[in-house]
Structures are given as C-alpha cells and as structure tokens.
Amino acid sequence: MNFSCDKCNQKVPFWETLKIDKNHVTICHKCGTKLYPIRTKSFNWGFFVGFLAVVIPGEITYRLTQSLGYTLIVALSLTITAVFGVALYTYKTTSFTSNF
Ligand SMILES: [Zn+2]
C-alpha cells in the first residue's frame, strides 16, 4: 500500500509529502518504525515539472498583459495548484520501507 507503514499499515500523514526528499526518514506515528521512502525520483521529477508549470505560464502572462500584479496572481494560483498536484502525485506513488 502506498504512503503507509510497512509494519502496521498505518497511513503516513498527507503533509509528509511536502517534506520528502532522498534522505528523508519518517517515523510511524503508531508503532515508531523508521520508514524510508522509496521511488523518490518521481518527486524530484514532479518538482521540476511543477516549477516549469509556474514559470512558463507566468512568463507568457506577463508578456501578454504587461501587468506585474496580474502575473503575480496567476503565478500564485499556479504555485498552489502545482504544489498540491506534486504532493498528490507523491502521495499516490511513494512507498515506505523499514528495511533500508
Ligand atoms: Zn507503523
């Protein structure tokens, strides 16, 4: 099962997605087992795509509108969407193992 403890099947909290990187260790809240994320390459890739998903439309918006205020609003909306999208993607694709 994705995003859960491999000892007791307790779900790891969703917000842990925002802290995950290659060396991140999560402690299971239920049984205290140290959990190491596997398949974290997808997160770095997702982060890069999320970054492009904000920068490119932001650039286009600025060129079309020449309005910094409007561009900031668009960029902020895209950032929230991208961060949530990447977090959701990580949540769906990351597994944990206690055997590192
Ligand atoms: Zn556990």
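Residues numbered from 1 in each chain as written. Predicted model: local features only at pLDDT ≥ 70, side-chain atom pairs only at ≥ 80, totals over all residues.

### Concerning the overall build of the chain
Item 1. Counting its secondary structure elements, the chain contains two helices and three strands.
Item 2. Relative to the 2.2 N^0.38 estimate, which gives 13 Å for 100 residues, the radius of gyration of the chain is 17 Å and therefore markedly larger than a compact globule would have.
Item 3. Along the first, second and third principal axes, the C-alpha atoms of the chain reach 55 × 20 × 20 Å.
Item 4. For the chain, with 100 residues in total, the buried portion stands at 14%. (Helix = DSSP H or I, 4+ residues; strand = E, 2+ residues; numbered from the N terminus. Rg over C-alpha atoms; globule rule 2.2 N^0.38 Å. Buried ≥ 20, exposed ≤ 12 C-beta atoms within 10 Å, placed from the backbone.)

### What about the confidence of the model for the chain?
Item 1. Taken residue by residue, the chain gives an average pLDDT of 85. The fraction at 70 or more is 90%.
Item 2. Here helix 1 (residues 41–65) stands out as the element of the chain with the lowest mean pLDDT, 83, in contrast to strand 1 (residues 26–27), whose mean of 90 is the highest. (pLDDT = per-residue confidence, 0-100.)

### Brief notes about the sheet that holds strand 2 (residues 34–38)
Item 1. Reading across from one edge, 1-2-3 is the order of the three strands in this open sheet, with antiparallel pairing throughout. Both edges of this open sheet fall to strand 1 and strand 3 (95–97), since each of them pairs with a single strand only.
Item 2. Two elements, strand 2 and strand 3, share three bridges in a ladder whose sense is antiparallel. Each residue of the ladder has a partner; that of Ile 38, found in strand 3, is Ser 95. (Pairing = 2+ DSSP bridges.)

### Let's talk about the nonpolar core
Item 1. Counting six residues, the largest nonpolar core is built from Phe 3, Cys 5, Val 12, Cys 28, Leu 35 and Phe 96.
Item 2. Not counting residues within four places of it along the chain, the set of residues in contact with Val 12 comprises Phe 3, Ser 4, Cys 5, Thr 26, Leu 35 and Phe 96. (Core = buried A, V, L, I, M, F, W, Y, C linked by C-beta atoms within 7 Å. Contact = placed C-beta atoms within 7 Å.)

### Quick word on the environment of Gly 58
Item 1. When you line up the elements, Gly 58 lands in helix 1.
Item 2. In the structure, Gly 58 is positioned 13 residues away from Thr 71 in sequence and 6.0 Å away in space, judged by C-alpha atoms.
Item 3. Excluding its chain neighbours within four sequence positions, the residues that come into contact with Gly 58 are Thr 71, Val 74, Ala 75 and Leu 78.

### Description of unusual backbone geometry
Item 1. At Asn 9, a position not held by glycine, the phi torsion is positive, near 65°.
Item 2. As for its position among the elements, Asn 9 is in the segment before strand 1.
Item 3. Classification of Asn 9 as exposed rests on a count of 11 C-beta atoms within 10 Å.
Item 4. With a phi angle near 55°, Gln 66 is a residue other than glycine that sits in the positive phi range.

### Considering the environment of Glu 16
Item 1. Topologically, Glu 16 is positioned in the segment before strand 1.
Item 2. Overall, the presence of 20 C-beta atoms within 10 Å leaves Glu 16 in the buried class.
Item 3. Linking Glu 16 and Tyr 91, residues 75 residues apart in sequence, is a C-alpha distance of 8.7 Å.

### Here we look at the environment of Gly 69
Item 1. Among the secondary structure elements, Gly 69 is positioned in helix 2 (residues 68–93).
Item 2. Given 8 C-beta atoms within 10 Å, Gly 69 falls into the exposed group.

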